Structure formats: structure tokens, C-alpha cells
Amino acid sequence: MSRAPSSRLPGLWLYGTHAVTAALENPARTIHQLVMTAETAKTWKGAGFETVERKDLDRWLPAGAVHQGIAVRVEPLPALELEMLARTAPETGPALMVMLDQVTDPRNVGAILRSAAAFGALAVIVPDRHGPEETGTLAKAASGALERIPLVRVTNVARTLETLTKFGFWVVGLAGEASLTLAESGLSGKVVLTLGAEGEGLRRLTREHCDVLVRLPTSEAMESLNVSNAAAIALYEMVRTERVAK
């Protein structure tokens, strides 16, 4: 018999096989409750779970959630100090961070986390007031990357970029009207890739704190890329440039 979750219970629900498995493997996570359907339980290698009806999962989770018959109730990850991450960044080789300026869609942020983890970035940074909270939707889009790469929240984007500059990072803003492509810029080493919201792009103050604005060499037939796609391409280009330089 399963316990129906109460709105008074602590924590948040993560769902989907990759997100749940990664959360369970993350020693920084506090786990409250692991639930799954009887069908999923047949192939689950582990203990400490409760069996629930699929209709219950459908009711407890956001409408339309693709939960794959499994969910875990957890505490949010502890906050990390950005300056600590900056201090530990390697002085040689790629040291990438991603700054998101008012990118609010949790699916986009989750997808960017996944790309950032794939290409070895140190962190993804979002503003407190204009960035999505840690949710099951974000974790599902990240496909486990939320547990593997820090999602750092900051109060002020411009001041954060100033701080990272003091730690030796180049601040690179992606803007469609820039004259240089990212490849032409020749940037390497410690870099903060800064991306703005779709449509609006980078805010004026954020642009003013960029050392250089660059663009991706996209066709004029398309106005712009989805921000998560642009982040993936830019991260790949930065890693490729470092490998070529070696």
C-alpha cells in the first residue's frame, strides 16, 4: 500500500528514469521517498521503494509529465558559492561556465545543463529573479545532468560577470548581429558563455559587461536558434578550439 503524498511533506518530485537514477546516485541529495509502478519495479535493481498505481503518479506530478513509472521526492540541492568554483577553475585548458540572462523556460535550462555536462563546463549560472526554480520539469530535461553540474543562482548578472572577470574569465556574449563568429574570435581558456532569452537576447547591461560579442554562423534564412541549441553548438566550438590548439 502506498502513502499518498501530502502538500505539507518536504521536498520536490523528480521523475523519469535518468533524473531519478542520477538523484539516487548523488551523495549531495537528500532522498525522502522513492516510488514506482509495479511494471517499473520488475526491472528495478535496488530496494527502498514503494509501489504505486500509475494513476497516482499522474496525479502527484505535473500534468503531462513523462515519468516512465518512477519518481523520487528529494530536497533541493544545496547552494554552491560561485567564487569557490571560480577559484578552483584550472589555469590551463578549457574552463567553461554558462551564464543565462533571463532564460526562464525550465526545459531550455535543463537542456543547457545536459550540454554543459557533456562538454565539461564547470557550472550553469542563472539569476534568482529571472531563472527557473529547480523542478521535476527542469531535471527531466537535464536527463541526469542536474546532479552532475552545478546550477548556480546569483542575485545580479552584471556583478557576477565582474566577479568572474576578476578571476581571469573572458566574458563572451552570443548576439546574432555580432561581426565575429565564435570560431573567428579565437577565444580559449577561461570563458563564460553568456546567452540571453530568445527574442530579446542579452540585456543592455549584460552586453556592456561582455569582453566580446560573437555569433554562430547560421544561415540568413533562419532568424535565430533555440537558446539550448545555440548553447550546445557554442560549447562544442569552445571544446573543439581547445583541442585544435593542443
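Bear in mind that the values here come from a model prediction, so they are computed numbers and not experimental data.

Colleague: Describe in detail the overall build of the protein, supporting the description with residues and values.
Modeller: Of regular secondary structure, the protein possesses 10 helices and 11 strands. Evaluated residue by residue, the protein yields a buried proportion of 47% over its 246 residues. Taking the contacts inside the protein whose residues are at least 6 apart along the sequence as the reference set, 76% of them involve residues at least 24 apart. Distance between charge centres in the protein, computed from 26 positive and 27 negative side chains, equals 5 Å.

Colleague: Which residues make up helix α7 (residues 157–166), and what values go with them?
Modeller: Along α7, the positions that sit buried rather than exposed are Val157, Ala158, Thr160, Leu161 and Leu164. Buried positions in α7, seen along its axis, are confined to an arc of 160 degrees and lie on one side of it. Of the exposed residues in α7, the ones pointing more than 90 degrees away from its buried face are Arg159 and Lys166. Measuring from the side-chain oxygen of the N-cap residue of α7 to the backbone nitrogen of alanine 158 gives 3.1 Å; that N-cap residue is asparagine 156. Phi turns positive, to about 90 degrees, at glycine 168, one or two residues after α7.

Colleague: Which residues make up the nonpolar core, and what are the values?
Modeller: Core analysis: the largest hydrophobic core is formed by 44 residues, its most contacted members being Leu100, Leu113, Val124, Leu174, Leu193 and Leu195. No other element matches the seven residues that helix α10 (residues 227–245) contributes to this core. Contact partners of leucine 113, with chain neighbours within four places excluded, come to Val124, Leu138, Ala142, Ala145, Leu146, Ile149, Pro150 and Leu151. Within the second largest apolar cluster, 19 residues are counted, among which are Leu82, Val157, Val192 and Cys210.

Colleague: Any details on the pattern of salt bridges? Residues and values, ideally.
Modeller: For the structure shown, the criterion picks out 10 salt bridges. Between glutamate 134 and arginine 29 there is a salt bridge whose closest N-O contact spans 2.5 Å. Separated by 105 residues along the polypeptide, glutamate 134 in the loop between β6 (123–127) and α6 (136–142) and arginine 29 in the loop between α1 (17–25) and β2 (31–36) bring together distant segments of the chain. Look at glutamate 134 and you get buried, because its relative accessible area is 18%.

Colleague: For the pairing of strand β4 (residues 70–74), give the residues involved together with the corresponding values.
Modeller: With five of its five residues buried, β4 lies for the most part within the structure. Residues Ile70, Val72 and Val74 point to one face of β4 and Ala71 and Arg73 to the other, with burial holding for every one of them. For strand β1 (residues 12–15) and β4, the ladder comprises four bridges, and the chain directions are antiparallel. Note on β4: the bridge partner recorded for tyrosine 15 is alanine 71.

Colleague: How would you summarise the sheet that holds strand β3 (residues 50–51) if you had to cite specific residues and measurements?
Modeller: If you trace the four strands from one edge of the open sheet to the other, you get β1-β4-β2-β3, paired in mixed fashion. Unpaired on one side and paired on the other, β1 and β3 mark the two borders of the sheet. Across the sheet, α1 lies against β1, β2 and β4, angled at about 40 degrees from β4, the strand it touches most.

The rules behind the values
- Residues numbered from 1 in each chain as written.
- Predicted model: local features only at pLDDT ≥ 70, side-chain atom pairs only at ≥ 80, totals over all residues.
- Heavy atoms only, no water.
- Helix = DSSP H or I, 4+ residues; strand = E, 2+ residues; numbered from the N terminus.
- Buried < 20%, exposed > 50% of the residue type's maximum accessible area, 1.4 Å probe, protein only.
- Contact = heavy atoms within 4.5 Å.
- Lys, Arg positive; Asp, Glu negative; His and termini not counted.
- Charge placed at Lys NZ, Arg CZ, Asp CG, Glu CD.
- Arc of directions from axis to C-beta.
- Polar contact = N/O pair within 3.5 Å; in protein donor to acceptor, adjacent residues only side chain to side chain.
- Core = buried A, V, L, I, M, F, W, Y, C linked by side-chain atoms within 4.5 Å.
- Salt bridge = Lys/Arg side-chain N within 4 Å of Asp/Glu carboxyl O.
- Pairing = 2+ DSSP bridges.
- Axes fitted to C-alpha atoms, helices over the stretch in contact; angles between N-to-C directions.

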